[in-house]
Amino acid sequence: MRRIAGRKLFWWLGAAAVAGIAVVAAGIPVYNEWQRRAQLSEAFRNLADIQVWMEAYYAHNRSYARAGVCGAAVVPADRARYFAYSCVPDTVAGAPPGQTYAATANGKSRHTEGFVFSIDEKKQTVTRSVPADWGRLPPKATTTWLDRKN
């Protein structure tokens, strides 16, 4: 009788281990997506900060440009872990010099590679590209930063 009870216990422990492995395996993609979304928030925060810095710079100088680069400081290295940031003045053809700019965040980590977000002097937020596993850009990408698959 004891021998049968021991086999049942062993069987239940084995079944629990298999179920646990299945749960973990199923949860890995979900965890990776959460991690990706957390890293995307860096770009949104830093681009919003660049926009504020550029507006303050413009208020003092009446121009976004200075010697061919954006007048505001670029994002500090300690705040740029998952994205590389750039800012280009005079992005609108025909506009007076120094009156337009576009700040861009390009993904550089395993989870953010393929993402490109931007903001301009009109506070227009645009998702320029997403990784291939997210599919095609939806129409709303021209007016917002995407943080989820569609």
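The rules we used
Residues numbered from 1 in each chain as written. Predicted model: local features only at pLDDT ≥ 70, side-chain atom pairs only at ≥ 80, totals over all residues. Heavy atoms only, no water. Salt bridge = Lys/Arg side-chain N within 4 Å of Asp/Glu carboxyl O. Helix = DSSP H or I, 4+ residues; strand = E, 2+ residues; numbered from the N terminus. Phe/Tyr/Trp six-rings, centres within 6.5 Å; stacked < 30°, edge-to-face > 60°. Buried < 20%, exposed > 50% of the residue type's maximum accessible area, 1.4 Å probe, protein only. Lys NZ or Arg CZ within 6 Å of the ring centre and 35° of its normal. Pairing = 2+ DSSP bridges. Disulfide = S-S within 2.5 Å.

Q: So what exactly am I meant to see when it comes to the pattern of salt bridges here?
A: Side chains carrying opposite charge are able to pair once their charged atoms draw close together. Counted according to the given criterion, the structure contains 4 salt bridges. The salt bridge partner of R36 is E33, with a shortest N-O separation of 4.0 Å. Linking R36 with E33, this pair stays in helix 1 (residues 2–61), spanning 3 residues, or about one helical turn. For R148, the salt bridge goes to D147, with nearest N and O atoms at 3.8 Å.

Q: Quick question: what am I supposed to make of the packing of aromatic side chains here?
A: Counted according to the given criterion, the structure contains 8 aromatic pairs. Geometrically, the ring pair formed by F44 and W145 is stacked, given 5.3 Å between the ring centres and 5 degrees between the ring planes. Of the two residues, F44 sits in helix 1 while W145 sits in the segment after strand 6 (125–129), which places them 101 residues apart along the sequence. Like W145, F44 is buried. Each residue in the set F44, F83, Y85, F115, F117, W134 and W145 is aromatic and connected to the rest through ring pairs, giving one cluster. One Lys or Arg, R37, reaches over the ring of W34 and ends 5.5 Å from the middle of that ring.

Q: Any chance you could explain the pairing of strand 6 here in plain terms?
A: The side chains of a regular strand alternate between the sheet's two faces. Of the pairings in the sheet, the one linking strand 5 (residues 116–120) to strand 6 comprises 4 bridges and is antiparallel in character. The residue of strand 6 that forms the bridge with S118 is V126.

Q: Would you explain the state of the cysteines in this entry?
A: Throughout this description, disulfide means a covalent bond between two cysteine sulfur atoms. In this structure the tally under the stated criterion is 1 disulfide. Each sulfur in the disulfide pair C70 and C87 lies 2.1 Å from the other. Torsion about the S-S bond of the C70 and C87 cystine: about -75 degrees, corresponding to left-handed handedness. Of this pair, C70 sits in strand 2 (residues 69–70) while C87 sits in strand 3 (residues 83–89); the two residues are 17 residues apart in sequence, bridging distant segments of the chain.

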